[in-house]
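So you can see what is in the structure, the chains are spelled out below.
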Amino acid sequence: MKFKKFGGTEQRVYDLVKPITDELGYFLWDVSYVKEGAMWYLRVFIDCDEGITIDDCETATRPISDALDAADPISQSYMLEVGSAGLERELVKEEHFEVCTGDEVRIRFIRSIDGEKEVRGLLRGADKNGVTIALNDETEKTYQLSDISYVKLYLEI
């Protein structure tokens, strides 16, 4: 795992969209620009303390779409999707780990570590050296980023 660094297109879109989401009272969680099959998708993930509804996504879509049309930061055609980051969102940027410190997370490993493919615990922090969590027995353990497939918020259902 590496902390996500935006590519040029994603960074331009992030810079364009962030003032809009801030004005609307949303937190811009992530921007993703990916090709799936023959189509390109520009995905803007938003969040807020009260959670995101379909109405919130609709409210944000129009001004984001208008700003993208006016600035035209992407030369090819794409499908715009504005959505919630999700309850069990993946933490990919350093600021995600800062915002979620103290929350329960699930870490999936690339290969088993100490006989485990996955662990859960309270996020204590993350940096270039790894991700530190407090396990159920309250011991803290740091896992190297190179051993981690992903880190997601954990929600017990």
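The paragraphs below set out a description of the structure included in this document. Worth saying up front: this structure is predicted, and the values here are computed from it rather than measured.

**Here's the deal with the overall build of the chain**
Link 1 in the chain: When its secondary structure is counted, the chain shows 3 helices and 8 strands.
Link 2 in the chain: Secondary structure of the chain in N-to-C order comes out as α-β-β-α-β-α-β-β-β-β-β.
Link 3 in the chain: Counting every position in the chain, which comprises 157 residues, the buried fraction comes to 40%.
Link 4 in the chain: Long-range pairs, those at least 24 residues apart, make up 54% of the contacts in the chain with a sequence separation of at least 6.
Link 5 in the chain: When the accessible surface of the chain is summed, it comes to about 9,100 Å², and 47% of that surface belongs to carbon and sulfur atoms.
Link 6 in the chain: Across the chain, the centroid of the 19 positively charged side chains sits 8 Å from that of the 32 negatively charged ones.

**A closer look at the sheet that holds strand 7 (residues 140-143)**
Link 1 in the chain: What the 5 strands build is an open sheet, ordered 7-6-5-4-8; its pairing is antiparallel. One side of each edge strand has no neighbouring strand; the edge strands of this open sheet are strand 7 and strand 8 (148-153). Taken over all neighbouring pairs, the strand axes of this sheet differ in orientation by 45° on average, direction set aside.
Link 2 in the chain: Bridge count between strand 4 (residues 104-113) and strand 8: 5 bridges; the pairing is antiparallel. In the strand pairing of strand 8, Val105 is matched with Leu153.

**Overview of the pairing of strand 4**
Link 1 in the chain: With 6 bridges connecting them, strand 4 and strand 5 (residues 116-127) associate as antiparallel partners. When the sheet's bridge partners are listed, Ile113 is paired in strand 5 with Glu116.
Link 2 in the chain: Between strand 4 and strand 5, which pair antiparallel and follow one another directly, the connecting turn spans 2 residues, one of which, Asp114, has a positive phi of 55°.

Parameters and conventions
Residues numbered from 1 in each chain as written. Predicted model: local features only at pLDDT ≥ 70, side-chain atom pairs only at ≥ 80, totals over all residues. Heavy atoms only, no water. Helix = DSSP H or I, 4+ residues; strand = E, 2+ residues; numbered from the N terminus. Buried < 20%, exposed > 50% of the residue type's maximum accessible area, 1.4 Å probe, protein only. Contact = heavy atoms within 4.5 Å. Areas by Shrake-Rupley, 256 points an atom, 1.4 Å probe, with all protein chains shown as cover. Lys, Arg positive; Asp, Glu negative; His and termini not counted. Charge placed at Lys NZ, Arg CZ, Asp CG, Glu CD. Pairing = 2+ DSSP bridges. Axes fitted to C-alpha atoms, helices over the stretch in contact; angles between N-to-C directions.

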